[in-house]
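Each chain, letter by letter, is given below.
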Amino acid sequence: MWTSFFKLRVFCCLLAVLMVVVLVANVAQVEYLDHETVSATFIDSSGQFVSSQATGLGRNPYCGYERQSLSSRERIEEDSLLAALQWQMPGVGPVPFAKSTDPSSSYFVILNSTGLFQVGSQLEVLVHVQDFQRKPKKYGGDYLQARIHSPRLQAGAVGRVLDYQNGFYKAFFTLLWPGRVKVSISLVHPSEAVRVLQRLQEEKPDRVYFKSLFRSGGVSETTECNVCLPRGLPLCNFTDPYTGEPWFCFKPKKLPCSSRINHFKGGYLKGLLTAADSALFQSGVNIKMPINSSGPDWVTVIPRRMKETDLETPQDSGSFPSGYFYKDQWRPREFKMRQFNDPDNITECLQRKMVYLLGDSTIRQWFEYLTAFVP
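Residues numbered from 1 in each chain as written. Predicted model: local features only at pLDDT ≥ 70, side-chain atom pairs only at ≥ 80, totals over all residues. Heavy atoms only, no water.

**Notes on the overall build of the protein chain**
Item 1. Counting its secondary structure elements, the protein chain contains 7 helices and 20 strands.
Item 2. Residues counted as buried form 31% of the 375 residues belonging to the protein chain.
Item 3. In the protein chain, the share of contacts with a sequence separation of at least 24, taken over all contacts with a separation of at least 6, comes to 68%.
Item 4. If you sum the accessible surface of the protein chain, you get close to 24300 Å²; carbon and sulfur atoms cover 57% of it. (Helix = DSSP H or I, 4+ residues; strand = E, 2+ residues; numbered from the N terminus. Buried < 20%, exposed > 50% of the residue type's maximum accessible area, 1.4 Å probe, protein only. Contact = heavy atoms within 4.5 Å. Areas by Shrake-Rupley, 256 points an atom, 1.4 Å probe, with all protein chains shown as cover.)

Put into structure tokens, the structure is as follows:
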């Protein structure tokens, strides 16, 4: 009896030890996946990482963005951003270069250019685009940029462009300062080039790639990083734990993922454009080229019936644009802006405050200016 009891105790002890070993091994494996290396993984709707082999998915160009779990507020924000990014494209097939938009043969006309304009008045400009055969285009989709400016006053503002989808466009401006105001219309990209850019965005979302430097002691390694990386090699998972936005780097051969010290742009994939595509991106021909005016390209604006020094635009004139430059200084239209012209004023304002600068390279420029201007 005692022999059987002793054997049972030994068996139970061995079973308990085995369970502890398996548990420790599983925990270590989970930690390794969470903090070090993942291989060809995606994020499901619950925010969990799922192997592509389990889901049957190949390389996903957006690496799980569609499978993120969004709150109702986040979904509304996402829908509004996607709606703002929508671009009206004509339902036409491939177009040869000769029939693409030619800025040199296109023109614009200021409507009612001889009229009387006051500060706060609306100005309308009609734009008609033609191709390189000097024939009117029958569809829209061109990326036009419209602005008004007065170089002597160091003043400028942007306009709103309406695409009629038939080769005609209208630009609307709010006249925000008195004096001689010049109108400028530019072709940033013809509609045919926009189509190429949209195709590249869908087919090659990773055409811009990034890199990170990993360093530990005297050993340094640099690997490629992106939202999406091909499977086959071990990856470091730097997915944002708060937002769930995925980000990966190829794992260094000798260093752990935790040794990553910086991040920078690596470059662009080359050779993505065909010869026909390249013709649509010619500097000095159809990229950021001015469209000339057929008639006067300026109007005279008189002050509103108030103090001439008061340049504030009435609120009922619309909220676009949100502001403008005058005497080389930005003036918002919806509120009074306090200016800080010396470091002491900035230091006084920022005392006991935590400042977060969120954005892209433009915000980086502001950050570099601020740190250089303030001791």
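**Quick word on the environment of S258**
Item 1. If you trace the backbone, S258 turns up in the loop between β15 (248–250) and β16 (260–268).
Item 2. In this structure S258 comes out as exposed when scored by relative accessible area, which is 59%.
Item 3. When the C-alpha atoms of S258 and F214 are compared, they prove to be 8.2 Å apart, with 44 residues separating the residues in sequence.

**Here's the deal with the pairing of strand β7 (residues 143–150)**
Item 1. Pairing of β7 with strand β11 (residues 179–189), which is carried by 7 bridges, proceeds in the antiparallel orientation. Counted as the bridge partner of Y143 is H189 from β11.
Item 2. Note: β7 against strand β8 (residues 155–158), 4 bridges, orientation antiparallel. Paired with R147 across the strands is V158, a residue of β8.
Item 3. Between the end of β7 and the start of β8, which pair antiparallel, lie 4 residues, with Q154 showing a positive phi angle near 50°. (Pairing = 2+ DSSP bridges.)

**Regarding the pattern of salt bridges**
Item 1. Per the counting criterion, the structure on display carries 7 salt bridges.
Item 2. With a closest N to O distance of 2.7 Å, K137 and E192 form a salt bridge. A residue pair is termed long-range when its members are at least 10 positions apart, and K137 in the loop between β6 (122–131) and β7 and E192 in helix α4 (residues 191–203) qualify at 55 residues.
Item 3. A relative accessible area of 3% places K137 in the buried class.
Item 4. Classification of E192 by relative accessible area gives buried; the value is 7%.
Item 5. The salt bridge partner of D277 is R199, with a shortest N-O separation of 2.9 Å. One end of the pair, D277, is in helix α5 (residues 275–278); the other, R199, is in helix α4, and 78 residues separate them in sequence.
Item 6. Via salt bridges that share partners, R199, E203 and D277 belong to a single interconnected network. (Salt bridge = Lys/Arg side-chain N within 4 Å of Asp/Glu carboxyl O.)

**Quick word on the state of the cysteines**
Item 1. All told, the structure shown has 2 disulfides when counted by the stated rule.
Item 2. The residue that forms a disulfide with C225 is C249, at a sulfur-sulfur distance of 2.0 Å. Taking the sign of the S-S torsion, 105° for the link of C225 and C249, the bridge is right-handed. Separated by 24 residues along the polypeptide, C225 in strand β13 (residues 219–226) and C249 in strand β15 bring together distant segments of the chain. For the pair C225 and C249, a shared accessibility class is recorded, and that class is buried.
Item 3. A sulfur-sulfur distance of 1.9 Å marks the disulfide that ties C236 to C257. A torsion of -85° about the S-S bond marks the disulfide between C236 and C257 as left-handed. (Disulfide = S-S within 2.5 Å.)

**Remarks on the packing of aromatic side chains**
Item 1. As enumerated under the stated definition, the model contains 8 aromatic pairs in all.
Item 2. A ring pair is formed by W87 and Y143, whose centres lie 5.5 Å apart and whose planes are at 75°; its orientation type is edge-to-face. On the criterion of sequence distance, the pair formed by W87 in the loop between α3 (72–85) and β4 (101–110) and Y143 in strand β7 is long-range, its members being 56 residues apart.
Item 3. With a centroid separation of 5.3 Å and an interplanar angle of 70°, the aromatic rings of F325 and W330 are classed as edge-to-face.
Item 4. Residue F325 is classed as partly exposed on the basis of its relative accessible area, which comes to 37%.
Item 5. By relative accessible area, which is 35% here, W330 ends up partly exposed.
Item 6. Among the aromatic residues, those joined into a cluster by ring pairs are W366, Y369 and F373. (Phe/Tyr/Trp six-rings, centres within 6.5 Å; stacked < 30°, edge-to-face > 60°.)

**A closer look at the nonpolar core**
Item 1. Of all hydrophobic cores here, the largest spans 28 residues; its most connected members are V127, F173, W177, V183 and I185.
Item 2. At the level of secondary structure, the elements contributing two or more residues to this core comprise β4, β6, β7, β8, β10 (168–174), β11, β18 (298–302) and β19 (323–326).
Item 3. With residues near it in sequence (within four places) discarded, V127 still touches Y107, F108, L144, G167, F168, Y169, I185 and I291.
Item 4. Formed by 8 residues, the second largest nonpolar core is a distinct cluster that contains V227, W247, L255 and C257. (Core = buried A, V, L, I, M, F, W, Y, C linked by side-chain atoms within 4.5 Å.)

**With respect to unusual backbone geometry**
Item 1. At Q154, a position not held by glycine, the phi torsion is positive, near 50°.
Item 2. Examined against the element boundaries, Q154 turns out to sit in the loop between β7 and β8.
Item 3. Looking at Q154, the relative accessible area reads 45%, which means it is partly exposed.

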